[in-house]
Amino acid sequence: MRELHELSALEQARAVRDREISPVELTRHYLDRIERIDPQVGAYVTVTAEAALDQARRLEKDLPEGPLAGVPIPVKDLNLVKDVPIMFGSAVYRGFVAPVDDTAVTRLREAGTVMLGKTATPEFGLPCYTETDVSPPARSPWDLGTSAGGSSGGAAAAVAAGLAPAAHGSDGAGSIRIPASACGLYGIKPTRGRISFAPIIPDLAGMSTNGPIARTVADAAALLDVMAHNEPGDLYLAPRHEGTFLACAGPDPGRLRIARYADPVVPGAEVHPEVRAAYEEAAETLAALGHDVVEIPRPFGPELVPQFVTLWYTFACMHPVADEQRHLLRPLTRWLRERGHATPAPAFLQAQAALQLATRGALTITDAYDAVLTPTLTEPPRPVGWFEDVDDVEETFERMKRFAAFPAIYNVSGQPAVNLPLHWTAEGLPIGVMLAGRIGGEGTLISLSAQVEAARGGFWGERRPVVW
């Protein structure tokens, strides 16, 4: 008999529907693991044990229809959950309690999932590693000396450590795909406008989106089905998807045209040999499955990096911080906000315009293909503390840019993109590769991902993280 956390989220839901296990039993199993294991991993910043058990008891009496009913799913601490503390990874927000649910959280409630708590995120979700002043570092369960990545680092650490079967995340410059790569998981950044940020969080430049992180393609697809929705006032709407995303995880995708490139857009970024090996291995797997894999030039140029950085500076200023609390901010956040506040509105608009112009040109190249293969990151998972082990915060920022040189491209373009966990180093560290699709093309990516997963006999095979 497998232990409960070894079951996929869909298997757990099926067992709940068949009354083989109860939502309370499942919830207690995860709460017990969190109490024992999370001090090593740093996945959760807030555990809502009593509320989770209350939810689970209600579900025992009234279980809704749906593929994930009865299954525990934590929420990232950048998203509002009514009456639950939210810190946005910052000491500035200690003691702040969310007044409402984000509508994505409402969807999770209505689907009958159980919220175990809030997963750790870096301050305001800005860095690509999850090390804060409000909780321990989020560590990759495959090697506790390495970072789980960010900004959905806690979510990925929770899933990879068996502290949740799947998790809610969000992605503004790779924040689902980066930790999915560092933790050996499948993560989906959906098409721009697929999931609303209502009622409070704005979607101004359309760079950020909610999305799922899971161990299997089908689990992530089912969670995407639960979260996908729009609300009045959303600035962006994704093309309508017919049917469910979960249904896409079964059928053969047919013979696809897949482009590939591994030339980072960030000047000075170099692809590590292990990352190159993962990328070549993925291309060979796709070709062996009958797909046409074609080398293409990089569709975006390095001249766009300063434009993206301008936007990142200004995004750092979105969270209100009183003057008397600025000393509570971490050095990187203060540095980013200083530059953001010094950016004139015309410079912001010009950067946004330049990125849109570049996207229009890039899509004329990538739209000729069903998917585009690249590395997810340029290096294997980095040691905890590595990004800040430098003389100044500017070099920390440069390390972040070089490390995560590939994912943000698809936040700029709005295309869907996924991390495939296909490679492990000799030391047991996971390295992901990325597939991006056409706007609205999550279904194709899910179908292709499921085909690769099946051909590999599952992403993890016989591997298990050290804390499993």
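Residues numbered from 1 in each chain as written. Predicted model: local features only at pLDDT ≥ 70, side-chain atom pairs only at ≥ 80, totals over all residues. Heavy atoms only, no water.

A. Structural view of the packing of aromatic side chains. A full pass over the atoms with the stated rule returns 15 aromatic pairs. For the ring pair Phe387 and Phe403, a centre distance of 5.2 Å and an interplane angle of 75 degrees mean the geometry is edge-to-face. Note that Phe387 is positioned in the loop between strand S9 (371-375) and helix H12 (393-403) and Phe403 in helix H12, a separation of 16 residues in sequence. With respect to class, Phe387 is no different from Phe403; both count as buried. Seen in terms of ring centroids, Trp460 and Trp468 are 5.4 Å apart; in terms of plane orientation they differ by 80 degrees. Their pairing is edge-to-face. Both residues of the pair, Trp460 and Trp468, belong to the buried class. (Phe/Tyr/Trp six-rings, centres within 6.5 Å; stacked < 30°, edge-to-face > 60°. Helix = DSSP H or I, 4+ residues; strand = E, 2+ residues; numbered from the N terminus. Buried < 20%, exposed > 50% of the residue type's maximum accessible area, 1.4 Å probe, protein only.)

B. Structural context of empty space enclosed by the protein. One pass over the full model with this rule turns up three cavities of 30 Å³ or more. What the largest cavity holds in volume is close to 400 Å³. Looking at the largest cavity, it is lined by 29 residues, and the ones nearest its centre are Ala173, Phe308, Lys401, Ala404 and Ala408. Elements that contribute at least two residues to the lining of the largest cavity include exactly helix H9 (305-315), H12 and helix H13 (409-413). Class assignment for the residues of the lining of the largest cavity results in 23 nonpolar, five polar and one charged. Its boundaries defined by the atoms lining it, the second largest cavity holds a volume of some 70 Å³. Along its surface, the second largest cavity is lined by Arg192, Gly193, Ile195, Ser196, Phe197, Asp203, Gly206, Ser208, Thr209, Asn230, Asp234 and Tyr236. Residues of the lining of the second largest cavity, tallied by class, amount to three nonpolar, six polar and three charged. (1 Å grid on protein atoms, 1.4 Å probe; cavity = no way out; pocket = protein on both sides within 12 Å on 5 of 7 lines; lining within 4 Å. Points joined across faces, edges and corners; volume = space filled by probe spheres on them. Nonpolar A, V, L, I, M, F, W, Y, C, P; charged D, E, K, R; others polar.)

C. Broad picture of the environment of Pro253. Mapped onto the secondary structure, Pro253 falls in the loop between helix H7 (217-227) and strand S7 (257-260). Not counting chain neighbours up to four residues away, the residues in contact with Pro253 comprise His291, Ser447, Leu448 and Gln451. (Contact = heavy atoms within 4.5 Å.)

D. Main features of the layout of surface pockets. Size it by volume and the largest pocket reaches roughly 780 Å³. As for the largest pocket, its lining consists of 31 residues, of which Phe124, Ile201, Pro202, Met318 and His319 are closest to the centre. Where the lining of the largest pocket is concerned, the elements lending two or more residues are strand S4 (166-171) and H9. Its residues assigned to classes, the lining of the largest pocket comprises 19 nonpolar, nine polar and three charged. As a volume, the second largest pocket reaches approximately 350 Å³. If you trace the second largest pocket, you find 15 residues lining it, with Arg215, Thr216, Gly458, Trp460 and Arg464 closest to the centre.

E. Highlighting the pairing of S9. For S9, a buried count of five out of five residues is recorded, marking the element as mostly surrounded by other parts of the structure. In the sheet, S7 pairs with S9 via three bridges, with the strands oriented parallel. Its bridge partner lying in S9, Ile258 is registered against Ala371. As defined by bridge partners, S9 adjoins strand S11 (residues 430-436) across four bridges and the pair is classed as antiparallel. Of the residues in S11, the one forming a bridge with Pro375 is Val433. (Pairing = 2+ DSSP bridges.)

F. Spotlight on a negative patch on the surface. On the surface, Asp389, Asp391, Asp392 and Glu394 cluster together into a negatively charged patch. Structurally, Asp391 is set in the loop between S9 and H12. (Patch = residues over 30% accessible without salt bridge, like charges linked within 9 Å, V, L, I, M, F, W, Y side chains within 5 Å. Areas by Shrake-Rupley, 256 points an atom, 1.4 Å probe, with all protein chains shown as cover. Salt bridge = Lys/Arg side-chain N within 4 Å of Asp/Glu carboxyl O. Lys, Arg positive; Asp, Glu negative; His and termini not counted. Charge placed at Lys NZ, Arg CZ, Asp CG, Glu CD.)

G. Examining the nonpolar core more closely. Membership of the largest hydrophobic core comes to 155 residues, with the highest contact counts inside it found for Leu185, Tyr186, Leu373, Phe397, Leu435 and Ile446. Counting residues per element, this core draws most heavily on H7, at eight residues. In this structure, Leu373 is in contact with Ile258, Ala259, Arg260, Tyr261, Tyr279, Ala282, Ala283, Leu286, Val433, Met434 and Leu435, ignoring residues within four places of it in sequence. Membership of the second largest hydrophobic core comes to five residues, among which are Val45, Met87, Ala91 and Ala120. (Core = buried A, V, L, I, M, F, W, Y, C linked by side-chain atoms within 4.5 Å.)

H. Quick look at the side chain of Thr378. Looking at where Thr378 falls in the secondary structure, it is placed in the loop between S9 and H12. With a relative accessible area of 1%, Thr378 lands in the buried category. From its side chain, Thr378 meets the backbone oxygen of Arg402 in a polar contact 2.8 Å long. Apart from the residues within four sequence positions on either side, Thr378 is in contact with Ala269, Glu270, Val271, His272, Val275, Arg402, Phe403, Ala405 and Phe406. (Polar contact = N/O pair within 3.5 Å; in protein donor to acceptor, adjacent residues only side chain to side chain.)

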